[in-house]
Amino acid sequence: VGGSHYFSHALLSAVSVLVIACPCALGLATPTALMVGIGKGASAHILIKDAVALEEMRKVDTVVFDKTGTLTEGRPQVTGWLWNRPSDTDYKNILYAAELKSEHPLATAITQALEKEKIVPASIRSFENIVGEGIKISNGPDIFWVGSQRMLQRFNIHLSETLSNGVKTYEQEAKSLVYFGKGEELLAVIAISDSIKPTSYEAVKILHAQTKYLCMLTGDGHLAAQAIAGELNLDLFKAEALPQDKEDFIVSLQKEGRTVAMVGDGINDSQALARANVSVAMGKGTDIAMDVAMITLINSDLMLLPKAFKLSKMTVKLIRENLFWAFIYNMIGIPIAAGVLFPAFGILLNPMFASAAMAFSSVSVVLNSLRLNWKQL
């Protein structure tokens with residue numbers, strides 16, 4: 001329009017629009033923020049394997065913890081024995097042999113205690129792991145078993161009044177209990193203590209301040225779980241939980257409309273970790289837990305969890321800021337480059353200045369992302 005006199009202006013405007021409308025900054029906005037956020041997490045001992053988790057964590061309103069090795073030290077020690085009959089060394093030999101084959105953290109505590117007594121493991125003929133309950137072995141014609149209270153139900157065993165009182169006392173002291181039996185006879189109850197991490201108290205306090213709903217899952221009995229949950233001031237707990245129970249618990253929370261983060265360290269947590277919206281593993285836990293989890297707390301310090309939530313919010317905020325810088329130059333520059341000011345003021349945007357503005361939008365995005373490195377978690 002206007003004849004050849006305006007062709008040069010039209011060509012100049014077209015080139016300027018094409019140059020300044022380059023979407024480089026838009027393409028950089030999200031990846032650069034995520035890369036810097038992941039790097040920031042790594043420097044703080046938070047290993048983020050899935051960038052989606054970094055964005056999803058800010059939406060989490062419910063955190064579910066495993067107990068052993070997550071809220072507690074994960075270094076259990078035997079603190080008491082209740083024998084239903086004289087503690088014959090032969091039975092300790094069998095117990096030692098059985099627990100040597102088990103991978104459960106409580107089994108390690110029992111083997112360490114028996115090692116101090118110079119117990120020698122007996123020879124066993126077969127070994128069976130019963131998921132979420134315990135183990136079963138054979139020694140000659142006899143069947144022996146070691147495990148949780150569910151093993152009592154499996155073998156139809158009822159505790160005597162004396163043993164029942166002792167068990168209740170141990171549970172009220174937040175002790176984990178392991179039952180050892182021969183066929184349908186209970187031989188012993190073993191009390192194991194695993195102290196709460198000092199950092200767990202402060203981490204729970206901070207998470208409550210972040211308005212998180214906090215839950216605990218454990219295979220321990222109800223009284224022991226209640227004691228731990230009460231000491232830490234948790235909102236909800238589930239005791240005697242099998243791996244499937246833990247997964248079902250996560251699903252039930254999600255059906256209530258909650259966004260759930262699961263924090264665990266063991267093989268029996270892997271189903272729940274896979275089901276949660278965000279999964280967090282402890283660095284000193286099992287390989288399968290770390291393999292399933294989106295985020296790993298490298299030094300198993302729960303104080304890193306509130307920092308991970310804060311990092312998520314900071315990273316998402318950074319992405320939004322980057323999108324602003326990616327768009328603002330275009331929003332202002334494209335109309336000017338197209339000649340909106342030319343009819344009234346005779347102003348056209350030189351392609352050289354358009355290219356500078358386009359480049360500076362990318363520089364702005366990168367520099368804004370790098371600011372995260374200097375912020376405190």
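Whatever comes next refers back to the structure up there.
The rules we used
- Residues numbered from 1 in each chain as written.
- Predicted model: local features only at pLDDT ≥ 70, side-chain atom pairs only at ≥ 80, totals over all residues.
- Heavy atoms only, no water.
- Helix = DSSP H or I, 4+ residues; strand = E, 2+ residues; numbered from the N terminus.
- Rg over C-alpha atoms; globule rule 2.2 N^0.38 Å.
- Buried < 20%, exposed > 50% of the residue type's maximum accessible area, 1.4 Å probe, protein only.
- Contact = heavy atoms within 4.5 Å.
- Areas by Shrake-Rupley, 256 points an atom, 1.4 Å probe, with all protein chains shown as cover.
- Pairing = 2+ DSSP bridges.
- Axes fitted to C-alpha atoms, helices over the stretch in contact; angles between N-to-C directions.
- Parallel < 35°, antiparallel > 145°, perpendicular 65-115°, else oblique.
- Left-handed = near helix turned anticlockwise from the far one by under 90°.
- Nonpolar A, V, L, I, M, F, W, Y, C, P; charged D, E, K, R; others polar.

What about the overall build of the chain?
Now for step 1: Counting its regular elements, the chain contains 16 helices and 13 strands.
Now for step 2: The globule rule puts the C-alpha radius of gyration for 377 residues at 21 Å, and the 30 Å found for the chain is more than 25% above it.
Now for step 3: When its C-alpha atoms are laid out on the principal axes, the chain stretches across 110 × 40 × 35 Å.
Now for step 4: Taken over 377 residues, the chain has a buried fraction of 46%.
Now for step 5: A fraction of 66% describes how many contacts in the chain between residues 6 or more apart in sequence connect residues 24 or more apart.
Now for step 6: Here the chain has roughly 18100 Å² of accessible surface; of this, 57% comes from carbon and sulfur atoms.

Thoughts on the sheet that holds strand β3 (residues 77-83)
Now for step 1: Pairing is antiparallel in the open sheet, where six strands are placed in the order β3-β8-β7-β6-β5-β4. Pairing within the sheet leaves two strands with one partner each, and these edge strands are β3 and β4 (126-130). With direction set aside, neighbouring strand axes in the sheet form an average angle of 20°.
Now for step 2: Examined bridge by bridge, strand β7 (residues 176-182) and strand β8 (residues 185-193) share seven bridges and lie antiparallel to one another. When the sheet's bridge partners are listed, Lys182 is paired in β8 with Glu185.
Now for step 3: Contacts from helix α6 (residues 105-116) reach β3, β7 and β8, with the element oriented near 80° to β3.

Some details on the environment of Ala229
Now for step 1: One can find Ala229 in helix α10 (residues 222-232).
Now for step 2: If near-sequence neighbours (up to four positions away) are discounted, Ala229 is found in contact with Met216, Leu234 and Phe237.

What about unusual backbone geometry?
Now for step 1: The backbone of Asn233 sits at a positive phi, close to 60°, despite the residue not being glycine.
Now for step 2: With respect to the element layout, Asn233 can be found in the loop between α10 and β10 (236-238).

Quick word on the packing of helix α2 (residues 24-43) against helix α16 (residues 351-370)
Think of two packed helices as two axes; the pair is described by the angle between the axes and how far apart they sit.
Now for step 1: Close contact between α2 and α16 brings their axes to 9 Å; oriented N to C, the two are set at 10°. One way to sum up the angle between α2 and α16 is to call them roughly parallel. In the crossing of α2 with α16, the sense of the turn from one axis to the other is right-handed. Taking contact as the criterion, the partners of Cys24, Ala25, Leu28, Ala29, Thr32, Ala33 and Val36 in α2 are, on α16, Ser361, Ser362, Val365, Val366, Ser369 and Leu370.
Now for step 2: Taken together, the residues that form the contact of α2 with α16 break down as nine nonpolar, four polar and no charged.

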